[in-house]
Amino acid sequence: MSETMNVSKGARIEGGIDAVVIGATADAFAAAAMIARSGLHVVLIETGDRPREKREFSPGYFAVDGDPLAYALDQQVIDALDLYRHGLSFIARRLETFVRFGDGAAMTLPGDPALAGEAVAAFSEADATRFADFLEEERKTARALSGWFSGGAAPLIPALREIGAASFDGAVIGRFADQRLEDYLRAEASIGAAHRSSEAFTYLALLRRLAGETAGLQGGVAAIDGGGRGLASALRRAAQAAGVSIRQTDRVRTVIVEWDRVAGVSFDDGGQIRAPVIVSALSARETFIDFVGKARLDIEFARLLDFPAPTIATVRAHLALNGPIGDALVGARLDRRFLLAPSAATLESAWRAAASGKASNGVVELVFPSALDRTLAPEGCLTAAMLLHPVAFGDPADEVWREGIENVAREAIRRVAPEMSAEIVAIDLDAPERAAPPMFEALERRRRITDASGLEGYFFCGPEASIGGGVSLSAGRRAGERALRYFKEGGTNP
Amino acid sequence: MIFPAADDATEPRATALYAAAASVSATNSWTSVNGWAAARVYSSFEEEYEAASRDVALVDLGPLCRYTVRGKEAPSFLSRLTSCPVTELSAAESGRGLILNADGLVVDLADMTRVSGDLFLLTTSAPIDRRLQVAARGFDVEVENIAGMVAALGLFGPNARDAAAAAGVDVLEAEATAQGRVRGVELAVRPINLGSAPGIEIIFPAEDALVIWERLRRRKPIPAMGLDAADALRIEGGAPRLGVDFIGADAALSAEEARIPDEIGLPHLAPPNRAWFNGRRAMRNAERARRRLVVLSLDCDRAPVGAAIRSRDAVIGGVTSAAFSPKLKRVLCFAEVRADAPASDLEAMLTPDGRSKAAARLHETDESRLAATFRENLKAATGFRRSPV
């Protein structure tokens, strides 16, 4: 039985519940549904940032929260929860990528990366076979590593150390006759990543992107119907169908720890929900420091949670355009993904500018949501959702920061579509997202945070449990599986 | 509190009591402990040992590491940092415990004194500044390293309190710590042990070091005791020495080198059923002790550090530190042996070829008695099966 209610029942102590999941993210719903489908009584406390309904950021123009594109949705979650039956659908399964280079040249890559060779032939004939072979080879390696990226044990690949220690520049430079192909791959590897392409371990970021599999296509990109909200709605329905009881409150005060085991959660009003298993999808800091307290955490573990303040970020800008795009190359088909791939030097200078708090041109990923969903813009007009990277981490309330990012966004769309005739009537910025740390660092941090708190029955699938950018659901699946095993084995942390 | 292993500082700093200590050193035999100058022997090992065993001896405790911890959350901070339940200490009470890392491995030994409501004095064998800095994040505490600001003098032996009283330092009552002003000098006095020798520690401002030293020795010239005699008392009491008998987890190159509390013979200082402290969760899940530090008495008269310990023709461990005990008239040594090693038929190989060997017997110390009682109690507390009548 499922229900939606508010916790406002005074100091009530509720028992008979097997697991409590805290959070309102896709991973939280995935974890809750994975546990509940085994017959356990699960309560999901929907707290923290919730995906909002589409919002009108300018009269007649709507933006949808979250990433409109998916690279790496966990197929096991989709299958286990039967998400298609619960409303998950893709507006476009194999989005073409239109790449605009720093010198203004353009290249279109098909939705299926396996067919990239033919497209590259039209751009640089000498590189057609080389590029296709390279991509195929790296996709094979990426496939072997995909379990690791999604939370499993490191695979036994002899070359893993070499791959892991490689920088993007070291691994790719000199592979192709046309250097712009490197720029394209560098843009794919850099987007959302906090490190430079010349740093060790960065090559894994490209492999992680190629390892992603959404809508059954490795390395492909799909557009989810309804974007992040659409995915969240499907997960919510799946969770409710599995019997998860969803409650909305922001008043979770603590996670109750009795001896070394979690025993439930307590609320501001003194009420409690007693349960032997707790899964948190909030940030590591909230999960451990705010809910448990530093005084009950090992010193070394608590130190892991002292993340340095972010400097490099990624920010999503929603643009309202008052007419058709105009540019012949871009405007021919808007149901594509557009990528602005600057030269290595431009990207490096953008990274340095971001690190010193300034706005500059870097990699841009652009989609036109209104081309896929006509309800998002007035007739004849467009909305564009643009991911800008790298940018300085800042506060959207800071006018100087905001103005700098808006200028970069205005310039970026003109560089993707130089002949654009439409005017930008409004720009709306999401809160900046901390760029993903280098892959090995993130993998190690995930391992230590998810395994080392020492609190029995407490499982974590917050943002620090995910690797790389974009929604994947793997963290939620793994937390759900571990919680289930813990429950079935009578309270021994797996 | 036990001195850690000597280090290799080429020019150790002078403790506040160095000038006074140097003036009574006949041997001029010095070493470095935590970067501070420490005397090995002042007059002779026998005289110093005899004084501490039968009368009273002075020890410069300056080389130990001292911190003050003050603040509203000082008790919970120290209860987290060490295995001592500091929140349960009343003002003027002292306690001891271990500092463990998150893997349940021993980092150091710690002595705590609650000087007043939210002011604590923490003494450790080796510096733990970095650990304190990291642990203090998020706590309303202020930690200060006061090692260079104070002088610390130990009086050990059965007549330690009388000697202190004779010098006017008679503020100590029973087992409590006391603070006070004695003839113009602010000082704190607390009870401590140096292995088997009970004693008191007097802590006072560094600038008053010579005044207190002279005042204590005015009525009767109390002999000073160096590290060698202190080491014999330490082994008699069964107190392992950091860096000699075990390696602290922060200094160990691998987890294999570090030890859990049971392996260094101090399980009673970190009971797994005590309220939470750093490393306790890992201790609970840790493998059982694979080796154990024991005190053996050897039928020989020289200290065979590094000698192999054999039982029934099999090597079961080795000697980590040793000293001749004038009281027992034999060598006492710490040896690390396999946890499953038999307690009888032990012998120490005094030469590598095994031609010279000495019979060895387990020697009961204050610490080993406490550890044995603790292990028995733990077993009794967790055992639920009734024995057949």
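Quantities reported herein were computed from a predicted structural model and do not represent experimental measurements.

> Give me the overall build of chain B: which residues, what numbers.
Tallying secondary structure elements over chain B gives nine helices and 18 strands in all. The C-alpha atoms of chain B give 21 Å as radius of gyration, which agrees with the globular expectation for 389 residues (21 Å, within 12%). Taken along the three principal axes of its C-alpha coordinates, chain B extends 65 × 50 × 50 Å. Here chain B holds 389 residues, and the buried ones make up 50% of them. Across chain B, the fraction of contacts at a sequence separation of at least 24, relative to all contacts at a separation of at least 6, is 69%.

> Describe the overall build of chain A, and please don't skip the residues or the numbers.
Scanning chain A from N- to C-terminus turns up 17 helices and 25 strands. At 23 Å, chain A has a C-alpha radius of gyration in line with the 23 Å of a compact globule built from 494 residues. Dimensions of chain A, computed from C-alpha atoms along their principal axes, come out at roughly 65 × 55 × 45 Å. A buried classification covers 51% of the 494 residues belonging to chain A. Across chain A, every contact between residues at least 6 apart in sequence was considered, and the portion connecting residues at least 24 apart equals 73%.

> Any chance you could break down the confidence of the model for chain B for me, citing the residues and the numbers?
Mean pLDDT for chain B: 86, with 94% of residues reaching 70 or above. Among the prediction metrics, the complex's ipTM stands at 0.75, with pTM recorded as 0.80.

> So what's going on with the confidence of the model for chain A? Which residues, and what values?
Interpretation of the predicted coordinates at a detailed level should be avoided for regions scoring low in pLDDT. Looking at chain A as a whole, its pLDDT mean stands at 86, while 96% of the residues score no less than 70. Confidence drops under pLDDT 50 across residues 1–8 of chain A; counting only partners more than four residues distant or on other chains, this segment forms 16 contacts.

> Can you break down the sheet that holds strand 16 (residues 261–267) of chain A residue by residue, with the values?
Residues and elements named next belong to chain A. Pairing in this open sheet of four strands is mixed, and the strands run 2-17-16-15 from one edge to the other. Taken across any chain shown, the strands that pair with only one partner, and hence form the sheet edges, are strand 2 (13–14) and strand 15 (252–258). Sheet topology places strand 16 next to strand 17 (residues 272–274); three bridges connect them, and they run antiparallel. Residue pairing for strand 17: Ser266 is matched across the bridge by Gln272.

> I'd like a description of the packing of helix 4 (residues 128–149) of chain A against helix 8 (residues 203–211) of chain A, backed by residues and values.
Residues and elements named next belong to chain A. Interhelical geometry of helix 4 versus helix 8 gives an angle of 85° and a closest axis separation of 8 Å. Viewed along their axes, helix 4 and helix 8 adopt a mutual orientation that is roughly perpendicular. Facing Glu138, Arg139, Thr141, Ala142, Arg143, Leu145, Ser146 and Phe149 of helix 4, the residues of helix 8 in contact are Leu207, Arg208, Leu210 and Ala211.

> Give a description of the environment of Ala80 of chain A that names residues and reports values.
All names here are of chain A. Within the fold, Ala80 resides in helix 2 (residues 75–81). Each C-alpha atom of the pair Ala80 and Arg37 lies 8.8 Å from the other, and the pair is 43 residues apart in sequence. Residues in contact with Ala80, not counting those within four places in the same chain, are Met34 and Arg37.

> Help me get a handle on the domain arrangement of chain A, residues and values and all.
All names here are of chain A. Domains assigned within chain A are domain 1 (4–52 + 229–307 + 437–488), domain 2 (97–218) and domain 3 (311–434). Computed over C-alpha atoms only, the centres of domain 2 and domain 3 are separated by 23 Å. At the junction of the two partners, domain 2 supplies 17 residues and domain 3 supplies 24 residues.

> Describe the pairing of strand 3 (residues 19–22) of chain A, listing the residues and the values that go with them.
All names here are of chain A. Covered by surrounding structure in strand 3 are Ala19 and Val21 together with Val20 and Ile22, the residues of both alternating faces. Sheet analysis places strand 3 next to strand 4 (residues 42–46), joined by four bridges and oriented parallel. Opposite Ile22, over in strand 4, you have Ile45 as the bridge partner. In this fold, the crossover linking strand 3 to strand 4 by way of helix 1 (residues 26–36) has right-handed handedness.

> Let's hear about the pairing of strand 18 (residues 357–362) of chain B: which residues, and what values?
Residue and element names in this part refer to chain B. The sheet contact formed by strand 13 (residues 291–298) and strand 18 spans three bridges and is antiparallel. For Leu296, the partnering residue across the bridge sits in strand 18 and is Leu362. Note that strand 17 (residues 346–349) and strand 18 share four bridges and pair antiparallel. What sits directly across from Leu346, in strand 18, is Ala360.

> Provide a residue-level description of helix 6 (residues 209–218) of chain B, including the pertinent values.
Residues and elements named next belong to chain B. Regarding helix 6, the residues found buried are Ala209, Ile212, Trp213 and Leu216. The arc that holds the buried residues of helix 6, viewed along the axis, is 100°, so those residues lie on one side. Exposed positions of helix 6 whose direction lies more than 90 degrees from the buried face are Glu214 and Arg218.

> Go over the environment of Met283 of chain B, please, and point to the residues and values.
All names here are of chain B. Inspection of the secondary structure assignment puts Met283 in helix 8 (residues 280–285). Along the backbone, Met283 and Gly199 are 84 residues apart, and their C-alpha atoms lie at a distance of 32 Å. When sequence neighbours within four positions are dropped, the list of residues in contact with Met283 reads Gly104, Ile260, Ala270 and Pro272.

> Run through the domain arrangement of chain B, naming residues and quoting values.
Many analyses report the size of an interface as the accessible area lost when the parts associate. Domains assigned within chain B are domain 1 (18–63 + 147–237), domain 2 (66–136) and domain 3 (290–382). Each of domain 2 of chain B and domain 3 of chain B has a C-alpha centre, and these two points are 31 Å apart.

> Hey, could you go over the packing of helix 7 (residues 179–190) of chain A against helix 8 of chain A for me, with residue numbers and the actual values?
Residues and elements named next belong to chain A. Relative to each other, helix 7 and helix 8 sit at 85°, their axes nearing to 8 Å. The orientation of helix 7 with respect to helix 8, classified from their angle, is roughly perpendicular. Of the residues in helix 8, those in contact with Leu185, Glu188 and Ala189 of helix 7 are Ala205, Leu206 and Arg209. Across the contact of helix 7 with helix 8, the residue classes break down as four nonpolar, no polar and two charged.

> Kindly report on the sheet that holds strand 6 (residues 106–116) of chain B, identifying the contributing residues and their values.
All names here are of chain B. Overall, antiparallel pairing links the five strands, which are arranged 5-6-7-4-8 in an open sheet. The two strands at the open ends of the sheet, each matched to only one other strand, are strand 5 (94–100) and strand 8 (142–145). In this sheet, neighbouring strand axes are inclined to one another by 25° on average, regardless of whether the strands run parallel or antiparallel. Bridging between strand 6 and strand 7 (residues 119–124) involves six bridges; their strand directions are antiparallel. Bridge pairing in strand 7 links Met112 to Leu122. Strands in contact with helix 3 (residues 74–81) are strand 4 (65–70), strand 5, strand 6 and strand 7; relative to strand 4, the strand with the most contacts, it is inclined by about 140°.

Parameters at a glance
- Residues numbered from 1 in each chain as written.
- Chains lettered and ligands numbered in written order.
- Predicted model: local features only at pLDDT ≥ 70, side-chain atom pairs only at ≥ 80, totals over all residues.
- Helix = DSSP H or I, 4+ residues; strand = E, 2+ residues; numbered from the N terminus.
- Rg over C-alpha atoms; globule rule 2.2 N^0.38 Å.
- Buried ≥ 20, exposed ≤ 12 C-beta atoms within 10 Å, placed from the backbone.
- Contact = placed C-beta atoms within 7 Å.
- pLDDT = per-residue confidence, 0-100.
- Pairing = 2+ DSSP bridges.
- Axes fitted to C-alpha atoms, helices over the stretch in contact; angles between N-to-C directions.
- Parallel < 35°, antiparallel > 145°, perpendicular 65-115°, else oblique.
- Domains from an automatic or database assignment.
- Right-handed = clockwise from strand over helix to strand, strands pointing away.
- Arc of directions from axis to C-beta.
- Nonpolar A, V, L, I, M, F, W, Y, C, P; charged D, E, K, R; others polar.

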